[in-house]
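This is what each chain is made of:
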Amino acid sequence: MNALVVLPTYNEKDNLLRIVPEILAQDERLSVLVVDDNSPDGTGQLADQLAKESGRVHVLHRKAKEGLGKAYLAGFRWALAHPFECILEMDADFSHHPRYLPDLLLASESADLVLGSRYVSGVNVVNWPMGRLLLSYYANAYARRVTGLSVRDLTGGFKCFRRRVLEAIDLDAVHSNGYAFQIEMTFRAWKRGFSIREVPIVFTDREQGNSKMSKAIVREAIWMVPKLRWLSWTGQLG
Ligand SMILES: Nc1nc2c(ncn2[C@@H]2O[C@H](COP(=O)(O)OP(=O)(O)OP(=O)(O)O)[C@@H](O)[C@H]2O)c(=O)[nH]1
Ligand SMILES: [Mg+2]
């Protein structure tokens, strides 16, 4: 069973150099696809170098920064064009530690979609300012309430999809790009009847590089959640 970690990057040069070998060391079935949006700091060139050194590293270069959701969709399409049975998502900034990858892979043997969850037992977030933690916690409570999904962590981006899930979802119909993207993918998988499992992870705030968090991303999550529910109600989810 081959598995691909889709790793979106924007200005993550220092992190990329450290995280790729750590990912590959977790399990010999793992490969990495770096999806770089033409980072000005040269992350894309570094990724090319890493790909030269290992046949398990691949790179997808995109012309401009278009947001996380777009980068993931491009990565998912690439993954579906290659023979990978599991397709994983994670951040490149060590907020999602590679040490949890074996847990996700193991859980994916008995679930179609596995979520690395910060809130499965209490709150497992390290180094976030209180304001950001409260925002994330209440965003999850809100999304849970509106969608009806009984998942503790809907906005997290540490996930493992079985191939069949991504094949079943109409990727062209997915439009959200920030945290809402994570909610939307899980909601669409759930509506299609796929099984979802959460495994506990500890999320640690980035040590290096800059945050790309913005008000626009929060606003998108607020209106996208009722929109998803509406599309589902009216049979337009696809
Ligand atoms: N390809 C691509 N990657 C992105 C984009 N925006 C963010 N990323 C990457 O997606 C991952 C998550 O983004 P982060 O900036 O860490 O988002 P966050 O965790 O919400 O915020 P901070 O960690 O506080 O900065 C990281 O690996 C980023 O480099 C983008 O527009 N395109
Ligand atoms: Mg981050």
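Each remark here, short or long, concerns the structure printed above.
What this report covers is the structure whose coordinates are included nearby. (Residues numbered from 1 in each chain as written. Chains lettered and ligands numbered in written order. Predicted model: local features only at pLDDT ≥ 70, side-chain atom pairs only at ≥ 80, totals over all residues. Heavy atoms only, no water.)

**Some thoughts on the overall build of the protein**
Point 1. Counting its secondary structure elements, the protein contains eight helices and nine strands.
Point 2. Over its C-alpha atoms the protein spans a radius of gyration of 17 Å, differing by no more than 12% from the 18 Å that the globule rule assigns to 238 residues.
Point 3. The 238 residues of the protein split such that 53% are buried.
Point 4. Here the contacts in the protein between residues at least 6 apart in sequence split such that 79% fall between residues at least 24 apart.
Point 5. Carbon together with sulfur atoms contributes 52% to the accessible area of the protein, which is approximately 10,800 Å² in total.
Point 6. The positive charge centre, built from 30 side chains, and the negative charge centre, built from 27, are 7 Å apart in the protein. (Helix = DSSP H or I, 4+ residues; strand = E, 2+ residues; numbered from the N terminus. Rg over C-alpha atoms; globule rule 2.2 N^0.38 Å. Buried < 20%, exposed > 50% of the residue type's maximum accessible area, 1.4 Å probe, protein only. Contact = heavy atoms within 4.5 Å. Areas by Shrake-Rupley, 256 points an atom, 1.4 Å probe, with all protein chains shown as cover. Lys, Arg positive; Asp, Glu negative; His and termini not counted. Charge placed at Lys NZ, Arg CZ, Asp CG, Glu CD.)

**Describing the state of the cysteines**
Point 1. Inspection of the entire model under this criterion finds zero disulfides.
Point 2. Summary of cysteine pairing: C86 is not part of a disulfide, and the nearest cysteine sulfur, belonging to C160, is at 4.1 Å.
Point 3. For C86, a relative accessible area of 0% corresponds to the buried category.
Point 4. With a relative accessible area of 0%, C160 lands in the buried category. (Disulfide = S-S within 2.5 Å.)

**Overview of the sheet that holds strand β4 (residues 86-89)**
Point 1. The strand order across the open sheet built from seven strands is β3-β2-β1-β4-β7-β5-β8, with neighbouring strands paired in mixed fashion. Single-partner strands in this sheet number two, and they are β3 (57-61) and β8 (196-200). On average, adjacent strands in this sheet sit at an angle of 20 degrees to one another, irrespective of strand direction.
Point 2. Strand contacts of helix α2 (residues 43-53): β1 (3-9), β2 (30-36) and β3, with the helix running at about 150 degrees to β3, the strand carrying the most contacts. (Pairing = 2+ DSSP bridges. Axes fitted to C-alpha atoms, helices over the stretch in contact; angles between N-to-C directions.)

**Describing the pattern of salt bridges**
Point 1. Per the counting criterion, the structure on display carries eleven salt bridges.
Point 2. For R162, the salt bridge goes to E85, with nearest N and O atoms at 3.0 Å. With R162 in strand β7 (residues 159-162) and E85 in the loop between α3 (68-80) and β4, the pair connects residues that are 77 residues apart, well separated along the chain.
Point 3. Salt bridges linked by common partners bring E12, D93 and R206 together as one network. (Salt bridge = Lys/Arg side-chain N within 4 Å of Asp/Glu carboxyl O.)

**Considering the packing of aromatic side chains**
Point 1. The tally for this structure, following the rule as stated, stands at nine aromatic pairs.
Point 2. Each member of the aromatic cluster is reached from another via a ring pair, and the members are Y72, F76, F161 and F181.
Point 3. Its guanidinium or amino end placed over the ring of Y10, K65 lies 4.8 Å from that ring's centre, counting from NZ or CZ.
Point 4. Directly above the ring of F203 sits R118, whose terminal nitrogen or CZ lies 5.3 Å from the centroid. (Phe/Tyr/Trp six-rings, centres within 6.5 Å; stacked < 30°, edge-to-face > 60°. Lys NZ or Arg CZ within 6 Å of the ring centre and 35° of its normal.)

**A word on the packing of helix α7 (residues 179-191) against helix α8 (residues 215-233)**
Point 1. Their axes nearest at 8 Å, the elements α7 and α8 cross at an angle of 20 degrees. The pairing of α7 with α8 is recorded here as roughly parallel in orientation. Relative to α8, the crossing made by α7 is right-handed. Counted together, Y179, A180, I183, E184, F187 and K191 of α7 and I217, E220, A221, M224, V225, L228, R229 and S232 of α8 form the full contact between these two elements.
Point 2. Broken down by class, the residue content of the contact of α7 with α8 amounts to nine nonpolar, one polar and four charged. (Parallel < 35°, antiparallel > 145°, perpendicular 65-115°, else oblique. Left-handed = near helix turned anticlockwise from the far one by under 90°. Nonpolar A, V, L, I, M, F, W, Y, C, P; charged D, E, K, R; others polar.)

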